[in-house]
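# Observations on the three-dimensional arrangement
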Amino acid sequence: MADAEIPLLEETTCGSLLQKLQEIWYEVGESDEERDKMLLQIEQECLDVYKRKVEQAANSRAQLLQVLSDAKLELSTLVSALGDKSSVGIPEKGSETIKEQLAAIAPALEQLWKQKEERVKEFSDVRSQIQKICGEIAGNASEQTGALAVDESDLSLKKLDEYQVKLKELQKEKSDRLSKVLEYVSTVHDLCAVLGMDFFSTITEVHPSLGDSTGVQSKSISNDTLSSLAKTVSALNEDKKQRLHKLQELATQLIDLWNLMDTPEEERRLFNHVTCNSSALVDKVTVPGALALDLIEQAEVEVDRLDKLKSSRMKEIALKRQVELEKIFASVHIEIDPEAAREKIMALIDSGNVEPTELLADMDNQIMKAKEEALSRKEILDRVEKWMSACEEESWLEDYNRDENRYNASRGAHLNLKRAEKARILVNKIPGMVDTLVAKTRAWEEDRGISFMYDGVPLLAMLDEYAMLRQEREEEKRRLRGQKKVGEQQNMEQETAFGSRLSPARSSGPKKVVGPRANGGANGTPSRRLSLNANQNSSRSAGKDGKRDSMKLAAPANIVTVSKDDAASHVSRTDSVPASP
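Definitions and limits used
- Residue numbers restart at each chain and count upward from 1, following the sequence in its written direction.
- Whole-chain, interface and lining totals are the exception, using all residues; otherwise, since this is a predicted model, local features are given only for residues with pLDDT of at least 70 and side-chain atom pairs are given and counted only at 80 or more.
- Just so you know, side-chain values use all the structure's heavy atoms and leave hydrogens and water out.
- Helix numbering and strand numbering both begin at the N terminus, where a helix is a DSSP run of H or I of at least 4 residues and a strand a DSSP run of E of at least 2.
- Throughout, exposure labels follow a simple rule: accessible area from a 1.4 Å probe, protein chains only, divided by the maximum for the residue type, with under 20% read as buried, over 50% as exposed, and the rest as partly exposed.
- Accessibility throughout is a Shrake-Rupley quantity obtained with a 1.4 Å probe, and a residue counts as covered only by protein chains that appear here.
- Orientation is described by axes fitted as lines to C-alpha atoms, over the contacting stretch for helices, and by angles from 0 to 180 degrees between their N-to-C directions.
- Note on angle classes: values under 35 degrees are labelled roughly parallel, values over 145 roughly antiparallel, values of 65 to 115 roughly perpendicular, and the remainder oblique.
- A crossing counts as left-handed when the near helix is turned anticlockwise from the far one by less than a right angle, and as right-handed when that turn is clockwise.
- In this analysis, two residues are considered to be in contact whenever any of their non-hydrogen atoms come within 4.5 Å of each other.
- UniProt positions are given in the numbering used here, feature names are shortened, and annotations may be inferred rather than shown by experiment.
- To pair, rings of Phe, Tyr and Trp, with the six-membered ring standing in for Trp, must have centres within 6.5 Å; the planes then decide the type, stacked if under 30 degrees apart, edge-to-face if over 60, and tilted in the middle.
- A ring is considered to have a charge above it if a Lys NZ or an Arg CZ atom is located within 6 Å of its centre and within 35 degrees of its normal.
- Note that patches include only residues with greater than 30% relative accessible area and no salt bridge, and the join distances are 9 Å for like charges and 5 Å for nonpolar side chains (Val, Leu, Ile, Met, Phe, Trp, Tyr).
- For this analysis, a salt bridge means a side-chain nitrogen from Lys or Arg found within 4 Å of a carboxyl oxygen belonging to Asp or Glu.
- Counted as positive: Lys and Arg. Counted as negative: Asp and Glu, with His and the chain ends omitted from the count.
- In this description, the location of a charge corresponds to atom NZ of lysine, CZ of arginine, CG of aspartate or CD of glutamate.

## Examining the overall build of the protein
- Scanning the protein from terminus to terminus reveals 16 helices and two strands.
- Here the protein, with 581 residues, has 31% of them falling under the buried criterion.
- Surface summary for the protein: the accessible area is close to 37000 Å², and the carbon and sulfur share equals 53%.

See the structure below:
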């Protein structure tokens, strides 16, 4: 029975059911009115069902249209925000159904949503980096917390490029600032090393991150940090300049004191680290600890010690200067009174009326002037030396000529003969030497307005005296030659009158004793002393009271020494300027 009904139910339609209902009504015997009423009721129920279904369908269509509208609006908004239509296939308007349109829009929406998420992430990353760098530059990076809100109305690549360009500019500025910070930090490190200061405490006072060695990127690059670093570098440079100036002053004082007291080189080397920068420029002082405070204090202590030592050694130092001055004067034959000069120096130091440095500076000035004076006298003194040497040879030649055994074949005779030949040549040059020396001396005196003194005696007076003695000697030689000729003539006349006869001795006069000259030693070398007696050619006096015996370079053996009184009278006769040492 059930199996028979299944095919029946499967084939049931509205018409079959109405026919079945008509059959049931017929069997029951329903009237036509009842039948029409029931059919009318069925139609009304069917109409209500259709209406309900139509309304449901209309509502569904309206919802689909709204969804489609929302999808299109969202699609338009996404496309506008992303600003790139070519990257997503947007469906064109056509005759498709609503569901077909929704099905066509869905993939585009999904792709745009994915692009939007990626784009929002890119914007967020770029803006976060921008915000972080701006915070680092402003110095409030720690205050920048929380995620940044992204303006989703404009997520275009153009806007993203603008942010990326801004980010690159900020990254470059950060890199420049970081380089500047590292440069400042390096400069501070070098300056602290030179000044002997603690680098870590100095740099952390500017900003704690600058002393952190964990990473370069963590260092502060804010305007305040850069400004503080610049001020720190400027302050350290000024401190370096002041310390170098102080150290150079101390080095100069040390060098002056060392030179003043003739400090040995071993003691000076102990302070080479101070004096090595005595003339250095600020930028050239880079040795660690070169300008440390303890080094400057050490130099100050040494200067104080030497200052105290200077006072106790001032007399010794001043006397050394005086000895040096006396040696210069003695080397150029300028006569001074050393005892009086030393007594004056001692009196000045004991009185305390003069600063030791001023006294030594004055003595150094005297030494410098003495050296200049010695240099101006050098040419004349060299010529005087040559003249005196020539006069010694002249004296030796006279002794040699008086030696009757000079031609004997004794030991060394040939050497004396050679020396005699050279001496004759040199002696012939003496007049020219004297003339040149006189001309040079007069020119020197006219240029300076003073007389050229040689061991307290005017040189021109000595030269004039020598010229007169030489002339007298020449006249004496001519007179002796004349007497000798007369004697020889008389002998010849006597031999003619009385005839020749042998004589045990035929000398015309007493034989001269040949020996060392009165002014020379046993070897015939003259002692270069001047004589006050113009008639004594062979004997030489030591000078007035023998005082100049230790000071004067001796004059030639055949030159007469002129005393100071005689020299003054000679200068007055020759219209020379007053003599001065």
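From this point, the discussion proceeds with the structure in view.
## Thoughts on the packing of helix 10 (residues 293–331) against helix 11 (residues 338–351)
- Where helix 10 contacts helix 11, the two axes come as close as 10 Å, and the packing angle between them is 155°. The pairing of helix 10 with helix 11 is recorded here as roughly antiparallel in orientation. Seen along the crossing, helix 10 lies across helix 11 with a hand that is right-handed. Counted together, Met 314, Lys 315, Ala 318, Leu 319, Gln 322, Val 323 and Glu 326 of helix 10 and Pro 338, Ala 341, Arg 342, Ile 345, Met 346, Ile 349 and Asp 350 of helix 11 form the full contact between these two elements.

## Quick notes on the UniProt feature "coiled-coil region" (unreviewed entry) in the protein
- As annotated by UniProt and renumbered to match this structure, "coiled-coil region" (unreviewed entry) occupies residues 153–180.
- Along residues 153–180 the backbone is 86% helical and 0% strand, and the end-to-end C-alpha distance reaches 39 Å.

## Some points on the packing of aromatic side chains
- This structure, assessed with the given rule, holds five aromatic pairs.
- Between Trp 387 and Tyr 466, the aromatic rings sit 5.3 Å apart at their centres with planes inclined by 80°, giving edge-to-face as the arrangement. Of this pair, Trp 387 sits in helix 12 (residues 356–402) while Tyr 466 is found in helix 15 (residues 459–498), placing the two residues 79 residues apart along the sequence.
- Residue class for Trp 387 comes out buried when judged on its relative accessible area of 0%.
- A residue is classified by how much of its surface remains accessible, and Tyr 466, at 1% relative accessible area, is buried.
- Taking the ring centre of Phe 452 as reference, the NZ or CZ of Arg 377 above it sits at 4.0 Å.
- Taking NZ or CZ as reference, Arg 419 lies 4.1 Å from the ring centre of Trp 396, over its face.

## Some remarks on a positive patch on the surface
- The grouping of Lys 477, Arg 478, Arg 481 and Lys 485 at the surface amounts to a positive patch.
- Within the element layout of this structure, Lys 485 appears in helix 15.
- According to the relative accessible area criterion, Lys 485 is exposed, its value standing at 61%.

## Re the pattern of salt bridges
- With the rule as written, the count across this model stands at 21 salt bridges.
- Between Lys 378 and Asp 382 there is a salt bridge, and its shortest N-O distance comes to 3.0 Å. Pair noted here: Lys 378 and Asp 382 are both in helix 12, with a separation of four residues, about one helical turn.
- Residue classification places Lys 378 among the partly exposed positions, given a relative accessible area of 45%.
- Note that Arg 479 is salt-bridged to Glu 476, the shortest N-O span being 2.1 Å. Linking Arg 479 with Glu 476, this pair stays in helix 15, spanning three residues, or about one helical turn.
- By relative accessible area, Glu 476 is classed as partly exposed at 33%.
- Within this structure, Glu 394, Glu 398, Arg 470 and Arg 473 form a network of salt bridges that share partners.

## Section: the side chain of Thr 275
- Tracing the chain through its elements places Thr 275 in helix 9 (residues 272–275).
- A relative accessible area of 15% means that Thr 275 is categorised as buried.
- Residues within four places of Thr 275 in sequence aside, it is in contact with Ala 251, Ile 255 and Trp 258.

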